[in-house]
4 protein chains.
Amino acid sequence: MHESLENFEKGLRNNDPEISPSMIYAYACIKKGVPYCNGAPNLGVESDALVELAGELGVPISGKDFKTGQTLMKTILAPGLKARMLGLEGWYSTNILGNRDGEVLDDSESFKTKEVSKLSVLETILQKDQYPDLYENICHKVSINYYPPRGDNKEGWDNIDLFGWMGYPMQIKVIFLCRDSILAAPIVLDLALFSDLAKRAGGKGIQEWLSFYYKSPMCARGNFPEHDLFIQQMKLKNTLRFVMGDEEITHHEH
Amino acid sequence: MHESLENFEKGLRNNDPEISPSMIYAYACIKKGVPYCNGAPNLGVESDALVELAGELGVPISGKDFKTGQTLMKTILAPGLKARMLGLEGWYSTNILGNRDGEVLDDSESFKTKEVSKLSVLETILQKDQYPDLYENICHKVSINYYPPRGDNKEGWDNIDLFGWMGYPMQIKVIFLCRDSILAAPIVLDLALFSDLAKRAGGKGIQEWLSFYYKSPMCARGNFPEHDLFIQQMKLKNTLRFVMGDEEITHHEH
Amino acid sequence: MHESLENFEKGLRNNDPEISPSMIYAYACIKKGVPYCNGAPNLGVESDALVELAGELGVPISGKDFKTGQTLMKTILAPGLKARMLGLEGWYSTNILGNRDGEVLDDSESFKTKEVSKLSVLETILQKDQYPDLYENICHKVSINYYPPRGDNKEGWDNIDLFGWMGYPMQIKVIFLCRDSILAAPIVLDLALFSDLAKRAGGKGIQEWLSFYYKSPMCARGNFPEHDLFIQQMKLKNTLRFVMGDEEITHHEH
Amino acid sequence: MHESLENFEKGLRNNDPEISPSMIYAYACIKKGVPYCNGAPNLGVESDALVELAGELGVPISGKDFKTGQTLMKTILAPGLKARMLGLEGWYSTNILGNRDGEVLDDSESFKTKEVSKLSVLETILQKDQYPDLYENICHKVSINYYPPRGDNKEGWDNIDLFGWMGYPMQIKVIFLCRDSILAAPIVLDLALFSDLAKRAGGKGIQEWLSFYYKSPMCARGNFPEHDLFIQQMKLKNTLRFVMGDEEITHHEH
């Protein structure tokens, strides 16, 4: 039903239980011509049917799962370690948070979609197919724990086991005492402004250049999602420069 | 004496005490046509006289101070925080190391040039002139302590005080259990290969595209040094692509 | 069956599946007059039947679950915080270890007895009944994760949320890069020597003065187990002084 | 002048510059029969002259330097490591604090008396003369850095290099996000109450049983100061039990 717009609309008319409220919401937005951004890890707008609709009606869409705390740090650090070709043996991440979000995600069933979204980021950044000696056998673990004393704040603890020249082991540990809403709010504002710009500039369907803001960026069929925060930023900025008619920046020396 | 080649060579003939052994070493290299890379924080090749000589004789030079441990991490993290426009109130860094390097740098006089080299990296990355609200008043402290139990290994501890949306404070703490020589050795190899390539490709004088490897990159007069590891990497890669005749990568969406 | 020696021995003769191999092992030891120490979290010797037998035959027994890494640290820190009447809101502990032990305990079923043993230590140390304002509502979480890169070593991460005068919140974070076997081996030696001494000095049944070595110390019916490392140590030392005929130490000023 | 009361009083009359304001303050207190507690690292009441006066007039005195943050943690952890006979290779401690206290102590001259007070605590706890293999060659470093972003709060970072069975190295790292005044205030209250009690119970001169509250406890000539928080606490409690006519607690098993 999610594979073509026709079937999806048939499902809508029949009240099919396979269609979730977030999909109905997304459908309604697109039909009204309103750009749609998905900040949660649910599927929402990520089906062939809705992507087709957004393409047809010329509505920009993007998603999914805002990149705010520990995953943000991961997509900052991993490109840095990769830039220097430092190998990785393991990456252990745990989160403690005390609000309703933590309470829900502490349940292993609810955590599953989030876990996929959190685990996937290292794959494309590290290109393990190209560098199997360095990145093929990473033990990557992510967990979330409900811990009421942390209240609305969040704490991420990362332990990274890396190795350098001749296999020598090293370790990095990161403690991030952060605040979920404070990190998410400016993303909402940026996405509102840029999605509006995208619409006015003729953008249709998936906006890959907004990957910068997401843990699990949507991309065209056949493409792979970009997770490296700095490539995402370059994509964002050069797309804006292109829209403005400016020259793109390559940083090479002539 | 360091401002023109003529005066420098006069100084050499007179055994002027202002000319250090590392400068004589650099002068000899360049005269012989051998590319020169400075991995230490001393001035070495960084004078108008020697830059002039390298330009005249078509010898690639680069420097200074290999970027290996805590400063490497700093130039990975700072661009990430800046990408998301997270403000900074302070950055406190301390290092413990147990070898001869630590013993020398524990002395506050010897630490001075190193300290300048370590402190400067945040300046150009954060562009405080453009973003005074976020980055004008950073309390940035760096110290090095000789601590024999750490032996040849090194440990860096960073505490970063950042603030987000509406000024809310957050903290990041990083512990880096690293190994100096293991991080430095591959830099030596890369620089040997790339400096040789630069020479064969007609590169003369300062090679800004090798900034990727240095804490305090040399740059042409009037330019500012680039510290952002990811811009340095882009510079390195696009310069290599240019030398090969390949198309440069901009990452924008067409 | 575990409540009287008579029933237990009947069960033994009938090959009752409720009697585990570790209980048979303990029974055999005691019958032979060999002191028995239980370093694992299983019940082993901890039943009325076997305690009765040990009492009758004059065999010293002790247990259970060696106190080595994170729990050792907990019973060092908690008495310290309590000494100064610092309140506790939460204590979050996580462990990563890479050997077979970690692999088994990563499974939530296998972790259950261990978890009870790890969680119980704060109770008697903090005396929440006597200090409800400070210790009644502690959110205490303990988890173990199998993380192969850590190999035979272990890493514990603790986050403690405490509060002081007028409820002001503070935090302590502890990283313990430790080695399980290295911390356990001297305990085995001490227990062998002291259990032998206990036997020669006429000790019968549960040896509470050996609590010092256990996460979940056995104690006489009606007593509560002592977890405070420093009270355990005082108990150990003053019992030894008493056995030697020395005066016990009270540390008061006359 | 500080060695006898007679000379001290002569100095007072001559306005001798060797007599500091804090000494005059202490002298005045004692003369008035008011118990005196010294919470700062200065000498204050710690001279033969003033101890003599306090003894003569029956005034309880105690000091010096309140034990609140990092040093408190040190006297909790060190007895725990010692209890298990874990060796120490090094202990590196650094503090960042942002108030006037930090500003003053950042200056190496002002830090000197504080440093002595902070370094001394490990000596008596570890008894290096008795256990030279474990504790003779500890590299113990303590530093304080003025870091305004931390404001009135304080952060301590400790790195402990320990070794176990067969010399295997392990590490403990502690981050203490604490608040100086919140930790010091209840000490002031306790000392006021207990010093008053001491006076009413006939206590004269140095009150060793109040060592619990100090980084650098005063003790009778010939005695050594006790730093172990748990022995200090036992001393405090058993002294109180003695004053009340209660039996002292020895924790041994009969």
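Described in the following lines is the structure provided in the data block. (Residues numbered from 1 in each chain as written. Chains lettered and ligands numbered in written order. Predicted model: local features only at pLDDT ≥ 70, side-chain atom pairs only at ≥ 80, totals over all residues. Heavy atoms only, no water.)

Let us now look at helix 6 (residues 108-119) of chain A. Residue and element names in this part refer to chain A. Those residues of helix 6 that sit buried are Phe111, Lys114, Ser117 and Lys118. Along the axis of helix 6, the buried positions cluster into a sector of 115°, meaning they face one direction only. Along helix 6, the residues that are exposed and aim more than 90 degrees away from the buried face are Ser108, Glu109 and Val116. The secondary structure elements touched by the buried residues of helix 6 are helix 4 (70-83), strand 3 (87-97), helix 5 (100-105), helix 7 (121-126) and strand 4 (139-146). (Buried < 20%, exposed > 50% of the residue type's maximum accessible area, 1.4 Å probe, protein only. Helix = DSSP H or I, 4+ residues; strand = E, 2+ residues; numbered from the N terminus. Arc of directions from axis to C-beta. Contact = heavy atoms within 4.5 Å.)

It takes a turn of 180° to lay chain A on chain B, together with a shift of 0.0 Å along the axis; the resulting RMSD is 0.1 Å. Accordingly, the operation relating the two chain copies is best matched by a two-fold axis. Considering only C-alpha atoms, the part of chain A nearest the rotation axis is Val174 of chain A, at 2.3 Å. Most of the interface of chain A is mirrored in chain B, where 100% of its interface residues again form contacts. (Least-squares fit on C-alpha atoms with pLDDT ≥ 70 in both.)

With that out of the way, let us pick up the interface of chain A and chain B. Contacts between the two partners involve 52 residues from chain A and, on the opposite side, 52 residues from chain B. Taking both sides of the interface into account, the surface hidden between chain A and chain B amounts to around 4800 Å²; carbon and sulfur atoms contribute 69%. Run the count over chain A and chain B and you get 0 salt bridges. Linking chain A with chain B are 10 residue pairs in polar contact (both at pLDDT 80 or more), by the criterion used here. (Buried area = accessible area lost by both parts, 1.4 Å probe. Salt bridge = Lys/Arg side-chain N within 4 Å of Asp/Glu carboxyl O. Polar contact = N/O pair within 3.5 Å; in protein donor to acceptor, adjacent residues only side chain to side chain.)

Residues and elements named next belong to chain A. With respect to the helices, strands and loops of the structure, His140 is situated in strand 4. In terms of polar contacts, His140 uses its side chain to reach the side chain of Lys74, at 2.9 Å. Setting aside chain neighbours within four positions, we find His140 in contact with Lys74, Trp91, Lys118, Leu119 and Leu122.

Attention now goes to unusual backbone geometry. For the bond running from Gly63 of chain B to Lys64 of chain B, omega is -10°, close enough to zero to count as cis. Despite not being glycine, Met166 of chain A shows a phi value in the positive range, around 60°. The residue Met166 of chain A is located in the loop between strand 5 (153-163) and strand 6 (169-179) in this model.

This part is about the packing of aromatic side chains. Overall, the coordinates contain 32 aromatic pairs over all chains when judged by the stated rule. A centroid spacing of 5.0 Å and a plane angle of 80° characterise the contact between Phe212 of chain B and Tyr213 of chain B, whose relative ring orientation is edge-to-face. Here the guanidinium or amino end of Arg84 of chain B rests over the ring plane of Phe212 of chain A, the centre of that ring lying 4.9 Å away. (Phe/Tyr/Trp six-rings, centres within 6.5 Å; stacked < 30°, edge-to-face > 60°. Lys NZ or Arg CZ within 6 Å of the ring centre and 35° of its normal.)

With that out of the way, let us pick up the sheet that holds strand 3 (residues 87-97) of chain B. Taken together, 8 strands build an open sheet; the order of strands is 4(A)-3(A)-5(A)-6(A)-6(B)-5(B)-3(B)-4(B) and the sheet is mixed. Pairing within the sheet leaves two strands with one partner each, and these edge strands are strand 4 of chain A together with strand 4 (139-146) of chain B. Adjacent strand axes in the sheet meet at a mean angle of 10° when their direction is disregarded. Note: strand 5 of chain A against strand 6 of chain A, 11 bridges, orientation antiparallel. Of the residues in strand 6 of chain A, the one forming a bridge with Asn159 of chain A is Lys173 of chain A. Helix 4 (residues 70-83) of chain B contacts strand 6 of chain A together with strand 3, strand 4, strand 5 (153-163) and strand 6 (169-179) of chain B of the sheet and is inclined by roughly 165° relative to strand 3 of chain B. Along the sheet face, helix 9 (residues 180-200) of chain B touches strand 6 of chain A together with strand 5 and strand 6 of chain B and points at about 80° away from the line of strand 6 of chain B. (Pairing = 2+ DSSP bridges. Axes fitted to C-alpha atoms, helices over the stretch in contact; angles between N-to-C directions.)

In this section: the pattern of salt bridges. Scanning the entire structure with this criterion turns up 40 salt bridges over all chains. For Lys173 of chain A, the salt bridge identified is with Glu155 of chain C, shortest N-O distance 2.8 Å. With Lys173 of chain A in strand 6 and Glu155 of chain C in strand 5 (residues 153-163), this pair bridges two chains. Note on accessibility: Lys173 of chain A and Glu155 of chain C belong to one class, buried. One salt bridge connects Glu9 of chain C with Lys31 of chain C, and the closest N-O pair in it is separated by 3.9 Å. On the criterion of sequence distance, the pair formed by Glu9 of chain C in helix 1 (residues 5-13) and Lys31 of chain C in helix 2 (residues 21-32) is long-range, its members being 22 residues apart. Members of the salt-bridge network, linked through shared partners, are Arg150 and Glu155 of chain A together with Asp161 and Lys173 of chain C.

Residues and elements named next belong to chain C. Every buried residue of helix 1 is listed here: Leu5, Phe8, Glu9 and Gly11. The buried side chains of helix 1 occupy one side of the element, clustering within an arc of 155° when seen end-on. Seen from the open side of helix 1, the exposed residues pointing more than 90 degrees away from its buried face are Glu6 and Arg13. Turning to helix 1, the residues buried within the fold contact helix 2 and helix 3 (48-57).

A separate point is the sheet that holds strand 1 (residues 36-38) of chain B. Residues and elements named next belong to chain B. Taken together, the 3 strands give an open sheet; going across it, the order is 1-2-7, and neighbouring strands pair in parallel fashion. Each having just a single partner strand, strand 1 and strand 7 (205-206) make up the two edges of the open sheet. Against the sheet, helix 9 touches strand 1 and strand 2 (60-63), its axis set at about 145° to strand 2.

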